[in-house]
Amino acid sequence: MKNNDDVRPNKFNRREFLKRVAFASTICGGATYLAWAPEDYPFSLKDFTGARSIPEPQQFTLPDYRVTLPTGIPEIGIGRDKTTSGRLTKALDAIGGITQFVQPGDVVLLKPNVAFDRSPELGATTSPELLEVLIRRLLIDCRAQEVRVADNPIESPADCFVKTGIKKAVEKAGGRINLPDGNAFRILQTPGAELIRSWPCFYRPLIGVTKVIGVAPVKDHNLCGASMGIKNWYGLLGGQRNQFHQDIHTIIADLSIMIKPTLTILDGSKILMRNGPTGGDPAYVKPWDVIVAGTDQVAMDAWAFVNLLQRDESKLPQYLYLAEKKGGGKIDASNRILEVS
Amino acid sequence: MPNVRLFNPRRRRINRQHITRYEIASSLIILLSLAGIVLWVATRKNLYDPAHQDVSLEALKQVSSSIVLYQRPFKPWQLADKANSSQNIDLGIFPDSVASDRWRPKSRIKTFDPQNLYVKINGEAERFLRHDFKQLSFLVLQSSDQIEEISIELYNQGSIAGSSGIFAEHRSPESRVEQDGPNTYFESSIGLIGRKDHFFYRIAGNRSSESIRKKSRQLVQSFSELPAPESNVAFGYQLLQELNIKPTEIRHQAVNVFQYDFVKDFWFGKPDTAYQTEVFVHRAETKDSALQLLTQILEEHQYEYQITRRTENLALLQHNFLKSYFIIAIQDSFVFGADKTPDQKTSFQLLEMIGRALPNEKQR
Amino acid sequence: MKTLLRLTNIRIISQVVFLGLFLFTVWASWTTRIQGYPVSRFLEIDLLVALSTTLSTGHIYRFLGWSILLLLLTVLFGRVFCNWMCPLGTLHQFSGWLFNIRSVKERQDQNRYQPRQVIKYSILIILLIIAAFGTVQVGLLDPIALLHRSVATGISVIWDFVMSVTSFTHLQLAPGTTERIFTGSFWIGLVFVSIIVLNIWHPRFFCRTLCPLGALLGLLSVFPLFRIHRDMKLCTDCDLCLTRCEGASSPEGSLRLSECIVCMNCIDDCPENALSFSLPPHVSTPVSPVPDITRRHFVFAGLIGLIGFPLIRSNGKSNDANYSPLMIRPPGSVAETEFLKKCIKCAQCIRVCPTNVLQPTGLQEGGIEALWTPVLNFNVGHCQQKCSLCSYVCPTGAIREISVTEKLGFGKFKQHGPIRLGTAFINRSRCLPWANEIPCIVCQEVCPIAPKAIQTYDEEVKDTFGNLVVLNKPFIIPDLCTGCGICQKECPVTDQPAAYVTAVGESRSQERRLLLRYRTNPEES
């Protein structure tokens, strides 16, 4: 209970009146403006239909990572050798050498296949040895500024990178692993695609990247026939990507135009012949001595399907034809291919 | 705003005066033990076995491929028939390509063995039995509009000798014999008759039509998938093929060779389709039985032929009326020669040709 | 220097060190960080955990023998653990101190002994009796288990939320994954926040009134070698020692040994230097060693424990009469009744799981007895094939420690076969190829078994739009399926997946077995 003496005397005069009216009109006027001013006015918060409240996710597009090469150089190189580094050298030299593609100061993203926690001998993931050799070559021979390695696996990302041996190999060679998390995805615009015109993509490792190289194993696949260079890019997709299996050939064809990589490398040192894409039994793996490197993913996939997976040429997977139609490449590799043993 | 503090305002004020030595000593000891505990935790870092969280490649290889699963074959799109679906019929020995969307089995396959063959083909059974008959598989195909029918008789004659023998009996000089892969066949007005390896087949439609003719020819192609005989190819067949005689012109005669009932199991081949000349070859049991056979043939032949030349192992004869030559010889246990040759020179040429091609006895 | 080496300062350092070690174990309980660190050591030195699991199972599992250290410490020095080591105690003390704006007189009144402090002994008796009967419920109130569980499922959510805007991946609790979720995190977090916030009104409320571990240590502190000793010749009865007494142990009168948690604050507050922590002198001040438990308390607590057990058990969810198909336990778990004799709901397994598939149960799967025990929820994640970390961190052996080779059934474990968590099924009325003529087959694609435990009937059909489509219709081979759940996780019918795993066929229980024969491994029993 307050004493009346403590209360300050309150003089109500015109000044007080104006003060109060000014106060009321500012508050009410401001609120009225915010709520009722037409939507295109500055600072208007009006949202009559509710359309303005729908969040617009941040979008981005991918630049073309390809390098213009001098004419006359084959587009696809095949290297055969007993050692990984020998194979890689021969395959890359056949298409002009790695220095043609990666220049000093480039930030390179390598996209291996790390989809499962298989050990490397099971042929279901990219060989860590190949990554190590490639990263060293990029950092030392090409003097790239940074090499990042990223993938969005189906299983636990931390476990997959460790159990496949890729984390150790990459860190030993001087590269950096990028793991996906909830904030690493943004909507990618791919005009011309049928299914992924606008789809979440693993964005964070792509920031500031100037060259992209896909490094894929050659695997049988239970649904689409084979999982090789083009399918490898599936690992960049986010969101509910398990819906695409309802039209798997179309999505792979879309992947062939979603990203235009600098280079694609197919590792034919451990070919998963059956029970793909997870494998799991060393007997399903055929050890071989080939690496295919090139800039035409469609042709490389077709070549690997016939020569590495030893399947019938007449039974090429449908996605290759769709990809060719979309402009992702050309199936017929004659005159563009060079094999070095 | 009422004057209430948020945080604890008091500065820690110690009331006591002095601290004993014991307290300082124990404080130091406790500090050291705390440091020791932290150090201990830090040193646990590498005390683990990564193989614990992994499966070794050796363990994987141990059970590798131990489980094999059956893969059901892919089922292509087929419009199901309301009456009876063609998928239900077991085609037995017939290849799957025999039935199709347009031509469906009318009923089940019927099989006949030597005991009950006569039930199916009555008097004809004797002919087939003579040629080593083993089994008949009988199938009727009906067109999808149910107007046309094709009946297929597939005879397993046990050996190439058998099938080419019965085939030769069916063909006439007018039949146009064709070769399609391993199939030898000729068309008839309502179907065709052919053979492949040890199989002999007769295909007959219920009327003469282009679709039946087309289907018959497709059946010939699908018969290429019939299994090959287990036993080796008859030597005579192989031999004559080696002499570049077309399979269409090779035939086997099981009995009544040269119209003599004691002469059996001769292989004939026509080197040149333009002429009547046939070469023949026969493997007897022993050299003696071959010699005996030669003598017997010559004995019978002398009624119609004139013996022009005769040695112990060879004879050249000329037909009294037709003036064509017949030459026959023996090498080891083989009896061979040529019939209806135009002149002596050709006879000896052919004889030499066969003689060279004969397998060496010692190599057997 | 002299004033810095006081025991109270050392105590603060010790509290900080142990809290830091606790936070380190939380941070290190992650697949790539754990390496060889003993991340469950706090739980393994917890004497109440050791005692209750020994009562329920008759054995002492693995590292639980370390609790003898705590036993030794307590019988020699009293309840030092509570104020020098217990990280929850540190948090209570800190929150009670931080917002404490009372005057000296108010503080003294707050720290006087309250009769309600005897409740924790009743709680202890109830919990121990129920444990002896065969279900361990100490985890609900045991401070270390409660703290581990609250941090793993409740606080980690808050931390991840804050960390999500930064990119300090080294500080993140689960780097390289999408935001983790934990069912029941609201209630777990609410309990935790409530008991911490309660300290503002009643200092050390949990420690004084509820903590069963404190009660147990208190019972063991009846004959300590060292204790607080008040020199009656120097004492002037000013009650200043009560100003910061943490345990409300009446240092101004007859010291209650079972309540004193050796905070050493009274020593600093006495202006006469009358208090010390030492061996009792020849002529000792009177102390009340035994807590104020009366026979009534004892009998009533005993009765509640006696009738509690059958009431908890009778819903049939833990034996096989009425078990929930969602009760899928981590790989390596022992059979359900044994599991409930061991699980202290510490959520260490939930914390360390790389795929976030382990979740605390609600009341649906197992009733109140199994509340907050770990189950796998395959809508959230799947059981990573080459991982058995949950079994590695379990302190009590509810999840028996297994190697990955044993989990997958290779090497010398080939005869046992793999550890099956359950069996997968295809719901043909929801599966796209079976029900809607739409090709899919993601489940077979991701199945990690070799050969795959999902095979297909391959058929070409003309769908309702007249297009020829190739349908691969999946079916499960239960002999091969280990119940890893990746088919359920990846099935595109995400709300109620067409490929789903239920608990039947789990290998830890003979009664819940599905198949008569394992056709791929006839030796498997």
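Predicted model only: the values in this text are computed from it and were never measured.

Chemist: Describe the overall build of chain C, listing the residues and the values that go with them.
Modeler: Along the backbone of chain C there are 22 helices and 10 strands. Seen through its C-alpha atoms, chain C measures out along the principal axes to roughly 100 × 50 × 40 Å. Residue burial in chain C is summarised as follows: out of 525 residues, 53% are buried. Pairs at least 24 residues apart make up 74% of the contacts formed inside chain C by residues separated by at least 6 positions.

Chemist: Describe the overall build of chain A, and please don't skip the residues or the numbers.
Modeler: The secondary structure content of chain A amounts to 9 helices and 12 strands. At 28 Å, chain A has a C-alpha radius of gyration far larger than the 20 Å of a compact globule built from 341 residues. Looking at the 341 residues of chain A, the share that counts as buried comes to 50%. Long-range contacts, defined as pairs at least 24 residues apart, comprise 73% of the intrachain contacts of chain A with a sequence gap of at least 6.

Chemist: Explain the domain arrangement of chain A to me, and be specific about the residues and the numbers.
Modeler: The domains assigned to chain A are domain 1 (14–53) and domain 2 (59–340). Of note, the centres of domain 1 of chain A and domain 2 of chain A, computed from C-alpha atoms alone, are 56 Å apart.

Chemist: Residues and numbers for the sheet that holds strand E1 (residues 59–60) of chain A, please.
Modeler: All names here are of chain A. What the 3 strands build is an open sheet, ordered E1-E6-E7; its pairing is mixed. Of all strands in the sheet, those bounded by a partner on one side alone are E1 and strand E7 (198–202). Where strand E6 (residues 185–189) meets E7, 5 bridges bridge the pair, whose relative direction is antiparallel. Paired with phenylalanine 185 across the bridge in E7 is phenylalanine 202.

Chemist: Describe the sheet that holds strand E13 (residues 314–319) of chain B, naming the residues involved and giving the relevant values.
Modeler: All names here are of chain B. Within the open sheet, the 7 strands sit side by side as E9-E10-E11-E15-E14-E13-E12. Their pairing is antiparallel. Bordering the open sheet on either side are strand E9 (250–253) and strand E12 (305–310), each of which pairs with just one other strand. Here the strands of the sheet are splayed against their neighbours by 20° on average, with no regard to which way each runs. For E13 and strand E14 (residues 325–331), the ladder comprises 5 bridges, and the chain directions are antiparallel. Looking across to E14, one finds that leucine 316 is bridged to isoleucine 327.

Chemist: Go over the interface of chain B and chain A, please, and point to the residues and values.
Modeler: Contacts between the two partners involve 6 residues from chain B and, on the opposite side, 6 residues from chain A. The residue makeup of the side of chain B that touches chain A, split by class, is 2 nonpolar, 2 polar and 2 charged.

Chemist: Go over the interface of chain B and chain C with me, naming the residues and quoting the values.
Modeler: Many analyses report the size of an interface as the accessible area lost when the parts associate. Taken together, the contacts link 37 residues of chain B with 46 residues of chain C. Within the residue set of the side of chain B that touches chain C, elements represented by two or more residues are helix H1 (21–43) and helix H2 (57–62) of chain B. Looking at the side of chain B that touches chain C, its residues break down into 21 nonpolar, 8 polar and 8 charged.

Chemist: Kindly report on the environment of asparagine 265 of chain C, identifying the contributing residues and their values.
Modeler: Residue and element names in this part refer to chain C. For asparagine 265, the location among the structural elements is in helix H13 (residues 265–269). For the pair asparagine 265 and threonine 8, spaced 257 residues apart in sequence, the C-alpha to C-alpha distance is 6.4 Å. The residues touching asparagine 265, leaving out its near neighbours within four places in the chain, are Thr8, Arg244, Cys245 and Glu246.

Chemist: Can you explain the domain arrangement of chain C? Please cite residues and give values.
Modeler: Residues and elements named next belong to chain C. The domains assigned to chain C are domain 1 (3–224 + 278–288), domain 2 (317–421) and domain 3 (423–502). Here the C-alpha centroids of domain 1 and domain 2 sit 25 Å apart. Listed per partner, the contact involves 35 residues of domain 1 and 29 residues of domain 2. Contributing elements (two or more residues each) for the side of domain 1 that touches domain 2: helix H2 (41–44), helix H3 (47–57) and helix H9 (143–163). For the side of domain 1 that touches domain 2, the element with the most residues is H9, which contributes 5 residues. Taken together, the residues that form the side of domain 1 that touches domain 2 break down as 16 nonpolar, 14 polar and 5 charged.

Chemist: Kindly report on the environment of threonine 177 of chain C, identifying the contributing residues and their values.
Modeler: Here threonine 177 of chain C is to be found in the loop between H9 and helix H10 (185–197). Each C-alpha atom of the pair threonine 177 of chain C and leucine 515 of chain C lies 36 Å from the other, and the pair is 338 residues apart in sequence. Here threonine 177 of chain C is in contact with Pro157 and Asp181 of chain A together with Asn356 of chain C, once residues within four sequence places are set aside.

Chemist: Report on the nonpolar core, specifying residues and quantitative values.
Modeler: Core analysis: the largest hydrophobic core is formed by 239 residues, its most contacted members being Leu131, Val292 and Ala304 of chain A. Apart from the residues lying within four places of it in its own chain, the contact partners of leucine 131 of chain A are Leu110, Pro112, Thr126, Val149, Ile166, Ala169, Val170 and Val215 of chain A.

Chemist: Residues and numbers for the packing of helix H8 (residues 297–307) of chain A against helix H9 (residues 318–326) of chain A, please.
Modeler: Residues and elements named next belong to chain A. The contact between H8 and H9 brings their axes to 10 Å, and the two run at 160°. By the criterion of interaxial angle, the relationship of H8 to H9 is roughly antiparallel. As for how H8 packs across H9, the hand of that crossing is left-handed. The residues of H9 that touch H8, namely those facing Val298, Asp301 and Ala302, are Leu320, Ala323 and Glu324. By residue class, the composition of the contact of H8 with H9 is 4 nonpolar, no polar and 2 charged.

Chemist: Describe in detail helix H9 (residues 344–357) of chain B, supporting the description with residues and values.
Modeler: Residues and elements named next belong to chain B. An ideal rise of 1.5 Å per residue puts 20 Å on 14 residues; H9 measures up with 20 Å between its terminal C-alpha atoms. Along H9, the residues that are buried comprise Ser347, Leu350, Leu351 and Ile354. Angular distribution of buried residues about the axis of H9 spans 105°; they occupy a single face of the element. Turned more than 90 degrees off the buried face of H9, the exposed positions are Lys345, Glu352 and Arg356. Elements that come into contact with the buried residues of H9 comprise strand E11 (278–283), E13, E14 and strand E15 (334–341).

Chemist: I'd like a rundown of unusual backbone geometry, residues and numbers included.
Modeler: A cis amide bond, omega -5°, links glycine 276 of chain A with the succeeding residue proline 277 of chain A. Examined against the element boundaries, proline 277 of chain A turns out to sit in the loop between strand E10 (263–272) and strand E11 (285–294). For the peptide bond that leads from alanine 450 of chain C to proline 451 of chain C, omega is -10°, which places it in the cis range. Here proline 451 of chain C is to be found in the loop between helix H21 (442–446) and strand E8 (454–462). We note that asparagine 244 of chain B has phi near 60°; this positive angle belongs to a residue other than glycine. When you line up the elements, asparagine 244 of chain B lands in the loop between helix H7 (235–242) and E9. The exposed category is assigned to asparagine 244 of chain B, around which 9 C-beta atoms lie within 10 Å.

The rules we used
Counting restarts for each chain, with residues numbered from 1 along the sequence as it is written. Whichever chain is written first becomes A and whichever ligand is written first becomes 1, with later ones labelled in order. Totals for whole chains, interfaces and linings use every residue, but because this is a predicted model, local features are given only for residues with pLDDT of at least 70 and side-chain atom pairs only at 80 or more, for both listing and counting. Under the scheme used here, helices are H or I runs from DSSP no shorter than 4 residues and strands are E runs no shorter than 2 residues, and both carry numbers assigned from the N terminus. Here the C-beta atoms are placed from the backbone, and a residue counts as buried if at least 20 other C-beta atoms lie within 10 Å of its own, exposed if 12 or fewer do, and partly exposed otherwise. Contacts here follow a simple rule: the backbone-placed C-beta atoms of the two residues must lie within 7 Å. Throughout, radius of gyration means the C-alpha value; the globule benchmark is 2.2 Å times the number of residues raised to the power 0.38. Reported domain spans reflect what an automatic or database domain assignment gives. When DSSP finds at least two bridges between two strands, those strands are taken to pair. To obtain each axis, a line is fitted to C-alpha atoms, and for helices this fit is confined to the stretch in contact; angles are then taken between N-to-C directions over 0 to 180 degrees. For this classification, Asp, Glu, Lys and Arg are treated as charged, while Ala, Val, Leu, Ile, Met, Phe, Trp, Tyr, Cys and Pro are nonpolar and the rest, including Gly, are polar. Buried Ala, Val, Leu, Ile, Met, Phe, Trp, Tyr and Cys residues whose C-beta atoms connect them within 7 Å together make up a nonpolar core. An angle below 35 degrees is read as roughly parallel, one above 145 as roughly antiparallel, one from 65 to 115 as roughly perpendicular, and any other as oblique. Crossings are sorted by hand: turned counterclockwise from the far helix by less than a right angle, the near helix makes the crossing left-handed, and turned clockwise it makes it right-handed. Expected span, for any helix, means 1.5 Å times one less than how many residues it has. Note that the arc is defined by the directions from the helix axis to the C-beta atoms.

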